[in-house]
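# Observations on chain architecture
Here are the chains, one letter per residue:
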Amino acid sequence: MISTTQVRAVALAIVLGASVGCASTLPGTHSTPAGLGAAVDSGQLGGAPYRVEIPSNWNGELVMLLHGYEPKGVPREYPWPQNEASPIFLSQGYAVAESAYASQGWSVSDALPDNEQLRSYFTDKHAEPNRTYLVGFSLGGHVALASLEKYGDRYDGALSLCGVNVPAAIAFEEGILTALVSFDYFFPGVMGLASEGLSDPASPPMLDPQAIEVALAENEASAKILADRLEIPRTGLAGALMLNYMVLREAQTRSGGFPVDNTTISYAGFGDDVAFNKSARRYAGDRSAMSYLAGAADLTGRFDKPVVIQSNNNDPTVPERFESIYPALAFAADPAAQLVSLPSVGEGHCDFSPDQIQAAFGTLVNWVKSGTRPESL
C-alpha cells in the first residue's frame, strides 16, 4: 500500500500538468464570488468533482480545461480548487469549466465522458456558448485531442500543452516500458522486482527515487546511455523512472493485466544493442489489458477543427521523439489537416509562463475566428 506521505511526495516532486486538486468531504453545488469578478459553480457530476467559473464580463465563450495526470491516492480537495491556468482565460472574459474526472491515475477512460458531461451541464444550467475550446495539459492534452476526435461537432478547436500526444500503446511501449526495461538491464536489482519482474503483482507498488538516483550516480556511464536514449535530462531521470513505474502499476490494476508487450521489439540506441536485446527482459502483454488501454481515449489523428500543440524543451515526462507522432498521424489521415505545432518553449514538463499559455491559446482562437491557418512559426 502506498502511503499518503508517498503520494504527496510524488505530487510535489513531479509537475504533471497545471494545478491538480488534492480531500475532505463531498461537495455540494454552490455559487460564490471568486476573483476577477467570476462566480463559481462547483459540485459533483456522476462521481466527478467539477468547477465552473464565469466572469462578470463573460464573452459568451467557454474553455473546457483538462488537467494532467493525478497520482492515484493523492487526497483531493472539495470543492475542486481553481486550476492555476484558469485566471489566464477568465481575465480575457472566457468561462472556464474543469472536471476532476471520476478516477485518478491513467484516467482517460473516465476523462472523456466526464468532460462531456460537464460541457452538457454547463449548456443546460448556464447558457449555450458561442464557441467552446478544449485546453489540456500533459495527460489532459491527450484527452483534449481525443475529445476533439470523438466529439468534434461540439467544439471549435483544441490546444494541447506539454501533452501526451501519442496513442496509448506507443506511450506505454516506447515510453514507459522501454525506460523501465532498460533501467533494469543496466541496474539489475535496484527496483527490487519480484520473480516475474514488472508484471509480477508482488513487485513493489512504488519506487524510491532516491535509491534510483544513488544507483545512477554510481554508474554515470550507464546513466548517460539511458538519459540520451530515453531523451530524459540526467537530472530528471530518477523522477521520470519513478513516474513511469507508478503509471505502469496503476494501468495494470485498471486494465486487469499487463497492458504492454515487448516480446518482438528490437531495441536500439543502448550501446551494445546485440547484448541488450539478448539480455533485456521480455514481457508478454495480456490481450484484454492491451485492448482496454488501446480503446480508452486513443488517438487516430482524425479531426476537422483547428488544433494547436506546444511542447517544452528537455521535458523529462514527454520525450522529444513523441512530438512528431501526432502530427504524422494527422497528416497521414488528411494531408490538409488543421494542425499547427508551435516551437517548444520553457524547460521541463508543463513549464509555461502565463504569457506563453495566452499566446498559444491566442493562436488557436485567432485561427478559429479568422478561418486562416497561422503562418509557419
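Residues numbered from 1 in each chain as written. Predicted model: local features only at pLDDT ≥ 70, side-chain atom pairs only at ≥ 80, totals over all residues. Heavy atoms only, no water.

On to the pattern of salt bridges, then. Under the criterion given, the structure shown has 16 salt bridges. The shortest N-O distance in the salt bridge between Glu-61 and Lys-369 comes to 3.6 Å. Taken together, the positions of Glu-61 in strand 4 (residues 61–66) and Lys-369 in helix 12 (residues 354–370) put the pair 308 residues apart, joining distant regions of the chain. The exposure class assigned to Glu-61 is buried, which follows from its relative accessible area of 4%. A salt bridge links Glu-174 to Arg-229; its shortest N-O distance comes to 3.1 Å. Of this pair, Glu-174 sits in helix 5 (residues 168–186) while Arg-229 sits in helix 7 (residues 220–230), and the two are 55 residues apart along the sequence. Taken together, the shared-partner salt bridges connect Glu-116, Arg-119, Asp-153 and Arg-154 into one network. (Salt bridge = Lys/Arg side-chain N within 4 Å of Asp/Glu carboxyl O. Helix = DSSP H or I, 4+ residues; strand = E, 2+ residues; numbered from the N terminus. Buried < 20%, exposed > 50% of the residue type's maximum accessible area, 1.4 Å probe, protein only.)

The tally for this structure, following the rule as stated, stands at 17 aromatic pairs. The interplanar angle of 75 degrees and the centroid separation of 5.8 Å between the aromatic rings of Trp-58 and Phe-122 together place this pair among those described as edge-to-face. Of this pair, Trp-58 sits in the loop between strand 3 (48–55) and strand 4 while Phe-122 sits in helix 3 (residues 108–125), and the two are 64 residues apart along the sequence. With a relative accessible area of 26%, Trp-58 lands in the partly exposed category. Arranged with centres 5.4 Å apart and planes meeting at 80 degrees, the rings of Tyr-133 and Phe-361 form a pair that is edge-to-face. In this pair, Tyr-133 is assigned in strand 6 (residues 131–137) and Phe-361 in helix 12, connecting sequence segments 228 residues apart. With relative accessibility at 1%, the residue Phe-361 sits in the buried group. Counting every residue linked through ring pairs, the aromatic cluster contains Tyr-185, Phe-186, Tyr-267, Phe-270 and Phe-276. (Phe/Tyr/Trp six-rings, centres within 6.5 Å; stacked < 30°, edge-to-face > 60°.)

Next up on the list: unusual backbone geometry. Most peptide bonds adopt trans geometry, and most residues besides glycine take a negative phi value. Following Tyr-78, the chain continues into Pro-79 via a peptide bond in cis, with omega recorded as 0 degrees. Its location among the elements puts Pro-79 in the loop between strand 4 and helix 2 (86–90). Non-glycine residue Asn-314 carries a positive phi angle of around 50 degrees. Mapped onto the elements of the fold, Asn-314 is located in the loop between strand 9 (312–313) and helix 11 (325–333). Since its relative accessible area comes to 48%, Asn-314 is described here as partly exposed. One non-glycine residue, Cys-350, lies in positive phi territory at about 60 degrees. With respect to the secondary-structure elements, Cys-350 resides in the loop between strand 11 (345–347) and helix 12.

A few words on the side chain of Arg-249. Tracing the backbone through its elements, the reader meets Arg-249 in helix 8 (residues 237–255). The charged side chain of Arg-249 is buried without a salt bridge, its nearest counter-charge being Asp-200 at 6.6 Å. Here the side chain of Arg-249 touches Pro-204 through a polar contact of 3.4 Å, landing on its backbone oxygen. Non-local contacts of Arg-249, meaning those with residues more than four positions away in its chain, are made with Leu-198, Asp-200, Pro-201, Ser-203, Pro-204 and Pro-205. (Lys, Arg positive; Asp, Glu negative; His and termini not counted. Polar contact = N/O pair within 3.5 Å; in protein donor to acceptor, adjacent residues only side chain to side chain. Contact = heavy atoms within 4.5 Å.)

Right, let's talk about the packing of helix 5 against helix 7 for a bit. Two numbers describe a pair of packed helices, the interaxial angle and the distance between the axes. Orientation of helix 5 relative to helix 7, taken along the N-to-C sense of each, is 170 degrees, at an axis distance of 11 Å. Regarding the angle of helix 5 to helix 7, the classification is roughly antiparallel. Crossing handedness for the pair helix 5 and helix 7: right-handed. Contact residues: helix 5 offers Glu-174, Thr-178, Ala-179, Ser-182, Phe-183 and Phe-186, while helix 7 offers Ser-222, Ile-225, Leu-226, Arg-229 and Leu-230. (Axes fitted to C-alpha atoms, helices over the stretch in contact; angles between N-to-C directions. Parallel < 35°, antiparallel > 145°, perpendicular 65-115°, else oblique. Left-handed = near helix turned anticlockwise from the far one by under 90°.)

Here the focus is the packing of helix 6 (residues 209–218) against helix 7. The geometry of helix 6 relative to helix 7 is characterised by a closest axis approach of 5 Å and an angle of 110 degrees between their N-to-C directions. By the angle between their directions, the pair helix 6 and helix 7 is classed as roughly perpendicular. Contacts from Leu-216, Ala-217 and Glu-218 in helix 6 reach Glu-220, Ala-223 and Leu-226 in helix 7. Considered class by class, the residues forming the contact of helix 6 with helix 7 number four nonpolar, no polar and two charged. (Nonpolar A, V, L, I, M, F, W, Y, C, P; charged D, E, K, R; others polar.)

Moving on: the pairing of strand 4. A regular strand places its side chains so that they alternate between the two faces of the sheet. Burial analysis of strand 4 places six of its six residues in the buried class, which makes it a mostly covered element. Here strand 4 shows two buried faces, one formed by Glu-61, Val-63 and Leu-65 and the other by Leu-62, Met-64 and Leu-66. With six bridges connecting them, strand 4 and strand 6 associate as parallel partners. From the neighbouring strand, Leu-62 faces strand 6, where its bridge partner is Thr-132. (Pairing = 2+ DSSP bridges.)

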